[in-house]
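Residue strings, one per chain:
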Amino acid sequence: MRSTIAAITYHLPDKVETNADLADEYPGWDMALVASKSGILSRHIADKEETAADLAFHAAKKLLAEHPNAQGDIDFLLYCTQSPDHYLPPAACQLQTRLGLGTHTGALDFNLGCSGYVYGLSLAHGLIATGAAKKVLLLNSDTYSKYIHPGDRTVRAIFGDGAAATLVTPTCDAELGLGRFVFGTDGRGAENLIVPSGGMRCPRSPDTAVSYTDENGCIRSNDSLYMNGKAIFAFSITCVPKVVKKLLTATNTPPEAIDWYVFHQANQYMLQNIAARCGIGPDKMAVEFADTGNTVSASIPIVLRRYQDKGLLTRGAKLLLVGFGVGYSWAANLMDWSL
Amino acid sequence: MTASEFLDSLCDAMSLERGHIKLDDHASTAEWWDSISHMAIIATIDSELQMNTQDDPALIEFSSIREIISHLEQIGALEQ
């Protein structure tokens, strides 16, 4: 049984933080350089009381409002986040009730970052292909801003908060829908993108909350997000071209057959380097993050919905998706767009 | 590729005039060296020398041009 994306939408928090806001707060930050290299001009930031699950809820409500007949048929909810409301219970269980989904609905959380959307599609596809579920609601949401020390330029200028909702359903159309997946993991990179404390390995304490300033003048503590940008960059420019080649080779797909390469929207500099290494021209590289920043696992579905709204995705368009990042973890999918 | 040719490649990658990047340039003192420039060096190593930067921490964490060139020469990526 093939499966496909039957609906997709996203939700962003109301609060917007512009580069000018950051420059006002930290006059020493060269936000013009940040803008020219990262391509990010602003990002949406969740309020103090607004969680990733709240964003996911709003994204799901928007999807259900656009597709009112879907609600009763959803029999599985997958929720991808690295900003959980609680250690337990799973937020997916609370979202099932908040969304008014039936108690027959399977629901689970999974913890992945920038690879989480493609992984989520694969999990949904697996549930459908095995007959375990018929309509899967995939929610991707993160609020990295809550982990980010306000004085850490390396991550504060890059990441934004956001959520996406995707409805995955079976399809009888042999020409459309989700195709082959490729996955990969390299845990050697785990410490290059990490919140060091807060879990059982290193619980939060007064000691972990102590701020320090690194050699680049960035301020953080062990309670906040740390990113080794150089290592993440090296990983990404090495990994993604190999994954693209592997997927194209495995499916015997010539590169020119791809209509859009939809990669995790890390930042402009990263995507330009990856595109150059893959031989992808700007006319086939989906880019959509100037006003959102890097929204982790929601970045790919945000691109898909916005390109759909702009008329850039037409039914039957061949897309190659790659999510990559924290873990290190990566996943790719070749799909034929069905909306 | 020689060290001199590699320096030219770095200048090209960063749209700097050839000769701008010197062997003695250090991350803490060179005016052109910021976080993006550092990534440009990594990208140049990856593309011009076909080195898998991800697998060699010394190709990621360096703080001077002399340091990275010395390492590239040691591993045979640059002609001595």
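Predicted model, so just to flag it, every value in this text is computed and none were measured.

S.K.: Explain the packing of aromatic side chains to me, and be specific about the residues and the numbers.
M.R.: Tallied over the full model, the rule gives twelve aromatic pairs over all chains. Look at Tyr26 of chain A and Trp29 of chain A: their rings are 4.4 Å apart centre to centre, the planes differ by 10°, and that puts the pair in the stacked class. A centroid spacing of 5.0 Å and a plane angle of 20° characterise the contact between Trp32 of chain B and Trp33 of chain B, whose relative ring orientation is stacked. Here the two residues Trp32 of chain B and Trp33 of chain B agree in accessibility, since each one is buried.

S.K.: Outline the interface of chain A and chain B, supporting the account with residue identities and numerical values.
M.R.: Listed per partner, the contact involves 18 residues of chain A and 16 residues of chain B. Here chain A packs against chain B, burying approximately 1,300 Å² in sum over the two surfaces, 60% of which is carbon and sulfur. Scanning the region where chain A abuts chain B turns up three salt bridges. Between Glu61 of chain B and Lys230 of chain A there is a salt bridge; the shortest N-O distance is 3.1 Å. Where the side of chain A that touches chain B is concerned, the elements lending two or more residues are α2 (31–38), α7 (229–250) and α8 (268–278) of chain A.

S.K.: Report on the packing of helix α1 (residues 3–13) of chain B against helix α2 (residues 35–48) of chain B, specifying residues and quantitative values.
M.R.: Residue and element names in this part refer to chain B. Relative orientation of the contacting elements α1 and α2 amounts to 120°, with a least axis distance of 10 Å. Between α1 and α2, the crossing angle belongs to the class labelled oblique. With respect to the hand of their crossing, α1 and α2 are arranged in right-handed fashion. Facing Phe6, Ser9, Leu10 and Ala13 of α1, the residues of α2 in contact are Ile41, Thr44, Ile45 and Glu48.

S.K.: Requested: an account of the packing of α7 of chain A against α2 of chain B, with residues and values cited.
M.R.: Contact geometry for α7 of chain A and α2 of chain B: axes closest at 10 Å, N-to-C directions at 30°. The angle between α7 of chain A and α2 of chain B falls in the class roughly parallel. Seen from above, α7 of chain A lies across α2 of chain B with right-handed handedness. Residue-level inspection shows Gly229, Lys230, Phe233, Ala234, Ile237 and Thr238 of chain A of α7 of chain A in contact with α2 of chain B, the latter providing His38, Met39, Ile42, Ala43 and Asp46 of chain B. Each residue belonging to the contact of α7 of chain A with α2 of chain B can be placed in one class, and the counts come to six nonpolar, three polar and two charged.

S.K.: Provide a residue-level description of the sheet that holds strand β14 (residues 318–325) of chain A, including the pertinent values.
M.R.: Residues and elements named next belong to chain A. Strands sit in the order β8-β15-β14-β13 across an open sheet of four strands; the sheet is mixed. One side of each edge strand has no neighbouring strand; the edge strands of this open sheet are β8 (177–185) and β13 (260–263). Each neighbouring strand pair of the sheet contributes to a mean axis angle of 15°, computed without reference to strand direction. Strand direction decides the pairing type here: β13 and β14, joined by four bridges, are parallel. Residue pairing for β14: Val262 is matched across the bridge by Leu321. Against the sheet, α7 makes contact with β8, β13, β14 and β15 (329–336), and its axis sits at roughly 145° relative to β14, the strand it touches most.

S.K.: Let's hear about the environment of Lys146 of chain A: which residues, and what values?
M.R.: Residue and element names in this part refer to chain A. Examined against the element boundaries, Lys146 turns out to sit in the loop between β6 (136–142) and α6 (153–156). Each C-alpha atom, one on Lys146 and one on Asp47, is 9.3 Å from the other, the two residues being 99 residues apart in sequence. If we ignore the near neighbours within four places in the chain, the residues touching Lys146 are Ala46, Asp47, Lys48, Glu50 and Thr51. Of the polar contacts made by the side chain of Lys146, one reaches the backbone oxygen of Asp47; its length is 2.8 Å.

S.K.: Any details on the sheet that holds strand β5 (residues 106–110) of chain A? Residues and values, ideally.
M.R.: Residues and elements named next belong to chain A. If you trace the five strands from one edge of the open sheet to the other, you get β1-β7-β6-β4-β5, paired in mixed fashion. Single-partner strands in this sheet number two, and they are β1 (2–11) and β5. Going from strand to strand, the sheet's axes swing by 15° on average, the running direction of each strand aside. Looking at chain direction, strand β4 (residues 76–80) and β6 are connected through five bridges and run parallel. Bridging from a neighbouring strand, Phe76 pairs with Val136 of β6. Helix-sheet contacts for helix α5 (residues 116–129) involve β1, β4, β5, β6 and β7 (162–171), and the interaxial angle to β6 is about 165°.

Each value, and the rule that gives it
Residues numbered from 1 in each chain as written. Chains lettered and ligands numbered in written order. Predicted model: local features only at pLDDT ≥ 70, side-chain atom pairs only at ≥ 80, totals over all residues. Heavy atoms only, no water. Phe/Tyr/Trp six-rings, centres within 6.5 Å; stacked < 30°, edge-to-face > 60°. Buried < 20%, exposed > 50% of the residue type's maximum accessible area, 1.4 Å probe, protein only. Contact = heavy atoms within 4.5 Å. Buried area = accessible area lost by both parts, 1.4 Å probe. Salt bridge = Lys/Arg side-chain N within 4 Å of Asp/Glu carboxyl O. Helix = DSSP H or I, 4+ residues; strand = E, 2+ residues; numbered from the N terminus. Axes fitted to C-alpha atoms, helices over the stretch in contact; angles between N-to-C directions. Parallel < 35°, antiparallel > 145°, perpendicular 65-115°, else oblique. Left-handed = near helix turned anticlockwise from the far one by under 90°. Nonpolar A, V, L, I, M, F, W, Y, C, P; charged D, E, K, R; others polar. Pairing = 2+ DSSP bridges. Polar contact = N/O pair within 3.5 Å; in protein donor to acceptor, adjacent residues only side chain to side chain.

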